[in-house]
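Single-letter residue listing:
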Amino acid sequence: ARVLTVLGTRPEIIKLSPVIPLLEERFDHILVHSGQHYSYEVDAIFFEELSLPSPRYTLGVGSAQHGEQTARILARLEPILLQERPDLVLVQGDTNTTMAGALCAAKLGFPVVHLEAGGRSFNRAMPEELNRIIVDHIAEILLAADEIAAANLRAEGLPDERIHVIGSTAIDAALRHRERAATSTILQQLELTPGSYLALTLHRAENTEPTTLPGIVRALNELAESYRIVFPVHPRTAAALERQGLQLSPHILAIRPLGYLDTLCLVQSAQALLTDSGGLQEEAAVLGTPILLVRNETEWRYLVDAGVAVLIGNSYEDILAGAATWLSPTGLSRLRNARSPIVSGAAERAVAIMEAAVNT
Ligand code: UD1
């Protein structure tokens, strides 16, 4: 049977990395890259580090307004789907590539498999939330990371027989690469000692707008008086800082985006992780690093419920108050001592469900 996978951004590459080798082994597998991410440091480096095969097709859509970017993916993917006629089309997550890939396939009648189905922030102002909702409602097979995600799908009226709880492939990837990451030299390169700094990432649309980013930067600059902060800056955030004329404190070590192994190593040795990323918080949970979410809501509720992550909010006041509580010795030890809710084996379960689907 033939499976066609569409990916396009850094998180899709990482979260599909444990699945792709299994698909290559068990199916006639066609990998399509939309080109939504195209810079080496958020794209090609992950293919190298995670030993992934080169895509058979690249659509080269690049950055654009959402409508334009989505339209380019639809127009460029359609002839490929018509030519390859896959039995299943796999998409992951909540990006414009995920949504356009699923929509294009579903309209042509090719069954869609959605990995990471059912995540909900309940904030429809997020582009990711709209993408997830659309994809879940047009997919045939919904692979949910946890029971909360499965319940979200049922609450939207999606039938039980489409829903499978399989765990998270981000966890599989982090578990698999944890040891290799320990050989990274990133701490030496940045002259950091383990446990002496906070790791920070920010990239979400709602945190890079002129209504939010200035307050976030002001809070971080104040925090940097008491903590060493290491900040690999996402291209979107770098552009927003520049556009809004915002200055990071010289005490914040702002660096280019890191590769996968260097990121795992940086997070592993951090006192805590401050982030708005989905995947990175799962990686931190694997590594046992306390997580402060610079957001007001999360789709990874299970990490917050387990007590390994805490939502602190994204305003100036919220960030400083959250840091005071959770970066204190008591706060940190509460997060560190919470029982980790991670489960492995999601990739294997995903592929087994896809095999069963094409064999019936
Ligand atoms: C996208 C996803 C987001 C995901 C994130 C991970 C959507 C709606 N958003 O956001 O869900 O969490 O990827 O990174 O699909 N840029 C580069 N090089 C690149 C890619 C982007 O420099 O390779 C810059 C461009 O200036 C661009 C900006 O980053 O305008 C934003 O890129 P875009 O692909 O629109 O979204 P992300 O912010 O990366």
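Residues numbered from 1 in each chain as written. Predicted model: local features only at pLDDT ≥ 70, side-chain atom pairs only at ≥ 80, totals over all residues. Heavy atoms only, no water.

A. A look at helix H11 (residues 235–243). Within the span of H11, buried status applies to Thr237, Ala240 and Leu241. On an axial view of H11, the arc spanned by its buried residues comes to 100°, and they lie on one face. Facing away from the buried surface of H11 by more than 90 degrees, the exposed residues are Glu242 and Arg243. Packing partners of the buried residues in H11 comprise helix H10 (213–223) and strand E9 (229–232). Trailing H11 by a residue or two, glycine 245 shows a phi angle of about 60°, which is positive. (Buried < 20%, exposed > 50% of the residue type's maximum accessible area, 1.4 Å probe, protein only. Helix = DSSP H or I, 4+ residues; strand = E, 2+ residues; numbered from the N terminus. Arc of directions from axis to C-beta. Contact = heavy atoms within 4.5 Å.)

B. How the structure looks around the site of the ligand. Surrounding the ligand, one finds 17 residues, the nearest of these being His37, Tyr38, Ser39, Asn96 and Arg236. Contact between the ligand and glutamine 36: an oxygen atom at 2.9 Å from a side-chain N or O atom of the residue. Here an oxygen atom of the ligand and a side-chain polar atom of histidine 203 are 2.8 Å apart. Here the ligand has 740 Å² of accessible area as a free molecule, and 85% of this is covered by the chains. Among the detected pockets, the ligand sits in the largest pocket. Mapped by element, the contributors of at least two residues to the shell around the ligand are helix H4 (66–84) and H11. (Near = heavy atom within 4 Å. Polar contact = N/O pair within 3.5 Å; in protein donor to acceptor, adjacent residues only side chain to side chain. Areas by Shrake-Rupley, 256 points an atom, 1.4 Å probe, with all protein chains shown as cover. 1 Å grid on protein atoms, 1.4 Å probe; cavity = no way out; pocket = protein on both sides within 12 Å on 5 of 7 lines; lining within 4 Å. Sits in = over half its atoms within 2 Å of the grid points.)

C. Fine view of the nonpolar core. Leu23, Leu90, Leu115, Leu143, Tyr260, Leu266 and Met354 are the most contacted members of the largest nonpolar core, which has 63 residues in total. Contacts of leucine 115, omitting those with residues within four sequence positions, involve Lys15, Leu16, Val19, Leu90, Val91, Gln92, Gly93, Leu143, Ile166, Thr169 and Ala350. (Core = buried A, V, L, I, M, F, W, Y, C linked by side-chain atoms within 4.5 Å.)

D. Just the UniProt feature "domain: UDP-N-acetylglucosamine 2-epimerase" (unreviewed entry) in the protein, in detail. Taken from the UniProt record, the annotation "domain: UDP-N-acetylglucosamine 2-epimerase" (unreviewed entry) applies to residues 25–352. The distance from the first to the last C-alpha atom of residues 25–352 is 12 Å, and the span holds 46% helix and 15% strand. (UniProt positions renumbered as here; feature names shortened; annotations may be inferred.)

E. Focus on the layout of surface pockets. Here the largest pocket is characterised by a volume of approximately 1100 Å³. Together, 46 residues line the largest pocket, and Arg10, Pro11, His37, His203 and His234 are the ones closest to its centre. When contributions to the lining of the largest pocket are tallied by element, the ones reaching two or more residues are helix H1 (10–16), H4, helix H6 (127–138), H11, helix H12 (260–268) and helix H13 (278–287). The element contributing the most residues to the lining of the largest pocket is H1, with 5 residues. Partitioned by chemical class, the residues of the lining of the largest pocket number 17 nonpolar, 20 polar and 9 charged. (Points joined across faces, edges and corners; volume = space filled by probe spheres on them. Nonpolar A, V, L, I, M, F, W, Y, C, P; charged D, E, K, R; others polar.)

F. Focus on the side chain of arginine 295. If you trace the backbone, arginine 295 turns up in the loop between strand E12 (291–293) and helix H14 (301–306). Taking the relative accessible area as the measure of exposure, arginine 295 reaches 2% and is therefore buried. In this structure, arginine 295 is in contact with Ser121, Met126, Arg204, Glu206, Asp276, Trp300, Leu311, Ile312, Gly313 and Asn314, ignoring residues within four places of it in sequence.

G. Summary view of the pattern of salt bridges. All told, the structure shown has 19 salt bridges when counted by the stated rule. With its nearest N and O atoms 3.3 Å apart, the salt bridge here joins arginine 26 to glutamate 355. One end of the pair, arginine 26, is in helix H2 (residues 20–26); the other, glutamate 355, is in helix H17 (residues 346–358), with 329 residues separating them in the sequence. For arginine 26, a relative accessible area of 28% puts it in the partly exposed group. Across the salt bridge formed by glutamate 299 and arginine 295, the nearest N and O atoms sit 2.9 Å from each other. Accessibility classification places glutamate 299 together with arginine 295 in one group, the buried group. Connected through shared salt-bridge partners, Asp94, Glu129, Arg132, Glu206, Arg295 and Glu299 make up one network. (Salt bridge = Lys/Arg side-chain N within 4 Å of Asp/Glu carboxyl O.)

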